[in-house]
Amino acid sequence: MGDMLRVVREDGHADPATDPKLSKDEVLALYRFMLLERTLDGRMLSLQRQGRIGFYGPSVGQEAAIVGAAFAMEPRDWIFPQYREPGAALVRGMPLTELIAQFFGNEKDPIHGRQMPCHYVYRAGNYMSISSVVGSQIPLAVGAGWAARIRKDPIACLVYFGDGGTSTADFHVGMNFAGVFRAPVVFLCNNNQWAISLPLRKQTASETIAQKAVAYGFDGVRVDGMDALAVVAAVREAQRRARTGEGPTLVEAVTYRLGPHSSSDDPTRYRDEKEVEAWRRRDPIDILRNHLVARGVWDADADKALHQELDDAITEAVHAVEAAPPPPLDALFTDVYEEMPWHLREELEDIRRIRGGGG
Amino acid sequence: MPPMNIVQAVNNALREEMRRDDRVVLLGEDIGRNGGVFRCTEGLIDEFPDRVFDTPLAEGGIIGTAIGMALYGLRPVPEIQFLDFIYSAFDQIVSEAAKMRYRSGGQYSVPMVIRTPFGGGIKGGHYHSQSSEAYFCHTPGLKVVVPSTPYDTKGLLVSAIRDPDPVLFLEPKKIYRAFREEVPEGDYTVPLGDAAVRREGKDVSLFAWGYMTHVCLEAAKRAAEKGIECDVVDLRTLVPFDLDAVLDSVKKTGRAVVVYEAPKTGGFGAEISAQIAERAIEYLRAPILRVAGFDTPFPYTLEDVYMPNADRVFAAIQKAMTF
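The rules behind the values
Residues numbered from 1 in each chain as written. Chains lettered and ligands numbered in written order. Predicted model: local features only at pLDDT ≥ 70, side-chain atom pairs only at ≥ 80, totals over all residues. Helix = DSSP H or I, 4+ residues; strand = E, 2+ residues; numbered from the N terminus. Rg over C-alpha atoms; globule rule 2.2 N^0.38 Å. Buried ≥ 20, exposed ≤ 12 C-beta atoms within 10 Å, placed from the backbone. Contact = placed C-beta atoms within 7 Å. Pairing = 2+ DSSP bridges. Axes fitted to C-alpha atoms, helices over the stretch in contact; angles between N-to-C directions. Domains from an automatic or database assignment. Nonpolar A, V, L, I, M, F, W, Y, C, P; charged D, E, K, R; others polar. Parallel < 35°, antiparallel > 145°, perpendicular 65-115°, else oblique. Left-handed = near helix turned anticlockwise from the far one by under 90°. Expected span 1.5 Å × (residues − 1).

A. A look at the overall build of chain A. A tally of regular secondary structure across chain A gives 13 helices and seven strands. Computed over the C-alpha atoms, the radius of gyration of chain A is 21 Å, within 12% of the 21 Å expected from 2.2 N^0.38 for a compact globule of 359 residues. C-alpha atoms of chain A, sized along the principal axes, occupy 70 × 50 × 40 Å. Burial status across chain A gives 49% buried among its 359 residues. Look at the contacts in chain A between residues 6 or more apart in sequence, and 76% of them connect residues 24 or more apart.

B. Seen up close, the overall build of chain B. Across its full length, chain B holds twelve helices and twelve strands. Relative to a compact globule of 323 residues, whose C-alpha radius of gyration would be 20 Å, chain B shows 19 Å and is just as compact. Summarising its shape, the C-alpha atoms of chain B cover approximately 60 × 45 × 40 Å along the three principal directions. Here chain B holds 323 residues, and the buried ones make up 59% of them.

C. Region of the structure containing the environment of I66(A). Residue and element names in this part refer to chain A. Note on placement: I66 falls in helix α2 (residues 63-72). I66 sits 37 residues away from A29 along the chain, and the two C-alpha atoms are 14 Å apart. When sequence neighbours within four positions are dropped, the list of residues in contact with I66 reads E37, S59, E85, G87, A88 and N190.

D. Local environment of the sheet that holds strand β7 (residues 249-254) of chain A. All names here are of chain A. Strand order in this open sheet of five strands is β1-β2-β3-β7-β6, and the pairing throughout is parallel. Looking at strand neighbours, the two that pair on one side only are β1 (78-80) and β6 (219-224), the edges of this open sheet. Across the sheet, the axes of successive neighbouring strands diverge by a mean angle of 20 degrees, strand direction being ignored. Of the strand pairs in this sheet, β6 and β7 are connected by six bridges, and their pairing is parallel. By the bridge assignment, D224 is partnered in β7 with V254. Each of β1, β2 (157-162) and β3 (185-191) touches helix α5 (residues 137-150); the most contacted strand, β2, lies at about 170 degrees to it. Helix α9 (residues 228-243) contacts β3, β6 and β7 of the sheet and is inclined by roughly 170 degrees relative to β7.

E. Seen up close, the domain arrangement of chain B. All names here are of chain B. In terms of domain boundaries, chain B breaks down into domain 1 (6-175) and domain 2 (196-321). Relative placement of domain 1 and domain 2: their C-alpha centres are 27 Å apart. Domain 1 puts 26 residues into the contact, and the matching count from domain 2 is 23 residues. Among the residues forming the side of domain 1 that touches domain 2, the class breakdown is eleven nonpolar, ten polar and five charged.

F. Looking closely at the packing of helix α6 (residues 169-181) of chain A against helix α3 (residues 59-72) of chain B. Two elements in contact, α6(A) and α3(B), have axes whose closest approach is 9 Å; the angle formed by their N-to-C orientations is 70 degrees. Classified by the angle their axes make, α6(A) and α3(B) are roughly perpendicular. Here A169(A), D170(A), V173(A), G174(A), N176(A) and F177(A) of α6(A) come into contact with α3(B), specifically with G60(B), G61(B), G64(B) and T65(B). Considering only residue class, the contact of α6(A) with α3(B) consists of three nonpolar, six polar and one charged.

G. The arrangement of the interface of chain B and chain A in detail. Each partner contributes to the interface: chain B provides 37 residues, whereas chain A provides 37 residues. Elements represented by at least two residues in the side of chain B that touches chain A include exactly α3, α4 (90-97) and α5 (100-103) of chain B. For the side of chain B that touches chain A, the leading source of residues is α3(B), giving ten residues. Partitioned by chemical class, the residues of the side of chain B that touches chain A number 16 nonpolar, 15 polar and six charged.

H. Representation of the packing of α2(A) against α9(A) in the model. Residue and element names in this part refer to chain A. For the pair α2 and α9, the least separation of the axes is 8 Å and the interaxial angle reads 40 degrees. Judged on the interaxial angle alone, α9 and α2 are oblique. The element α2 and its partner α9 pack so that their crossing is right-handed. Side by side, α2 and α9 meet where A64, A65, V67, G68, A69, F71 and A72 of the first sit next to A228, V231, V232, V235, R236 and Q239 of the second. Along the lines of polarity and charge, the residues of the contact of α2 with α9 split into ten nonpolar, two polar and one charged.

I. The environment of F38(B), seen in detail. As for its placement among the helices and strands, F38(B) is situated in the loop between β1 (24-28) and α2 (44-47). For the pair F38(B) and K173(B), spaced 135 residues apart in sequence, the C-alpha to C-alpha distance is 8.5 Å.

J. Up close: helix α13 (residues 342-354) of chain A. With 13 residues, α13(A) should cover 18 Å at 1.5 Å per step; its first-to-last C-alpha distance of 18 Å lies within 8% of that length. With its phi angle positive at about 80 degrees, G356(A) sits one or two positions after the end of α13(A).

K. Representation of the sheet that holds strand β11 (residues 256-263) of chain B within the structure. All names here are of chain B. In space, the five strands of this open sheet follow the order β7-β9-β8-β11-β12, with mixed pairing throughout. Every other strand in the sheet has two partners, leaving β7 (196-199) and β12 (289-293) as the edge strands with one partner each. Neighbour-to-neighbour, the strand axes of the sheet open up by a mean angle of 25 degrees, direction not taken into account. Bridge count for β11 against β12 is five bridges, and the pairing is parallel. Across the sheet, residue Y260 finds its bridge partner in β12, namely A292. Sheet strands in contact with helix α10 (residues 268-280) are β8 (204-208), β11 and β12, and its direction is about 155 degrees off that of β11.

L. Focus on the domain arrangement of chain A. Segmentation of chain A into domains returns domain 1 (24-326) and domain 2 (328-359). Relative to domain 2 of chain A, the C-alpha centre of domain 1 of chain A lies at a distance of 36 Å.

M. Fine view of unusual backbone geometry. Of note, the amide linkage connecting V239(B) to P240(B) takes the cis form, showing an omega dihedral of -5 degrees. Within the fold, P240(B) resides in the loop between β10 (237-239) and α9 (243-253). Look at R182(A): it is not a glycine, yet its phi comes out positive at around 50 degrees. The residue R182(A) is located in the loop between α6 and β3 in this model. Owing to 17 C-beta atoms within 10 Å, R182(A) belongs among the partly exposed residues under this scheme. One non-glycine residue, I196(A), lies in positive phi territory at about 45 degrees. Mapped onto the fold, I196(A) is located in the loop between β4 (194-195) and β5 (198-199).

This is how it looks when you write it as structure tokens:
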């Protein structure tokens, strides 16, 4: 797999040469967000199977890369997600109730049921709205970073995409513009080895994703995406470079999608379970937990209590939002434009009349 | 102020808006030192060296990064060198810019104006001539604006830049330098969504936008020599278009001819025809007629045959009158 940045050793201790030196509170918070994302995924997939939410895209196996990268950024930095990063939204302070309400798409959903599950947004945390189109967020992140540079704001943008995303035209134009304009962007490729059914070796003939950065005139680094501390270390350095005018960085987090692409996907159709099992032995949650234990700040009781606490928090959030009614009829027509033009007003009035007043 | 042509009106509007609002930035191919291939941005890089950007040659990158700038709080005005080159940015326009306000529940918006020359008449063949406004009119969340005079060009462009939503601003390249008129210096706007009646008449309504407005005026002049008085309505904004202006005219004349350069099938003129049919059929004394480009790719040598001209519009006027 070539040279990769790693921090947590087999014995659970951090390699002093690469350790980002998180405080005890920081490393516990990191673990908490990762475990929350894992727990959320399990619960939401189960809600989907029960027919209570329509769809879900789990991130199992990628929590270190997702949470670690968001954790390494500063709050005023902007995050441009792909669509598999609920842990990043949680790091940004998005309340569980808002996130879960988006999955239900009901009246409590901040975006009024307009998008399928997993397409949430949280402006208060500089967490951008999500499109399902792979790669289209990449030029947006570059433009926002470029704008920050024009305004002389010392911030950076973090943009997530997968190995599949690196094949898109938007990846190319985004990387190229970022290189030319030295946009303060951290490109985080979550190389999870599979783009639905397509394995990495059929996605690109490039030996690594990271090496693609060379052609755009900036650095690419490869990091063990199962090692949250390694991701934090790599993204912190990339963020520092971006913020201080040293330009963009491509970070390739080598990871694995342990679950299906989405609730509609059956990965047994295209990949060998033995491969999954091999990666499962490097579960990012286990790796960070071993580190916490080795560091002497964690034990089985604490872990059990945290599992319970997070599970309860999710249960509580589901209960708080699930029973809400569908969004009001108006919400179908508002926000297309800032001010509703005549044709939308007319369409709203027509459907209101046909449905007999009310919503 | 000396009279201006459309190119000068674009330049003047951009310059004044950039002076007024430091969030306004320009980006595109060859728009800096070269002033744009049509010279619309000439000299702006001298006054605003940090806000005019020559970009790499990638329309998807120009629009994608402009959207990011707008999200961040700037007011980008990207230029696409020819509308014919916009398609590699189509996904960014349709999937990102147009849907951003809606899909984010109003948390984010994309106040951006995409300026681009469109239309035929310059011997540009397939890829420097097309009028593909219908694709964009079919995209909720976008506004589509088409000036036909220098005065309107400035007033509409200023309105578009100040608009909170993404606007596609289509500049009729055939008449970029065709004529000049008085364009006031300083602040004025032409509101989006208002049509202009360019000529009044009681017999036939002609509906058009951009260069076709002038074709209609020529046909109307010829019709007047035969004693037929035409109303010529320049829509100016296609989304949202001025329904009242369309209906007022049709109710007065009872005859409608819709003129557009794009391929006839599914063109925006078909929408105007349908709206008239739905709302004013009882006023009609003749079928609604369309004079449009043909359902072929835009041709090179025979472009004069392809593009609607006064002869074809006049023929439609006569057909409507003799029905």
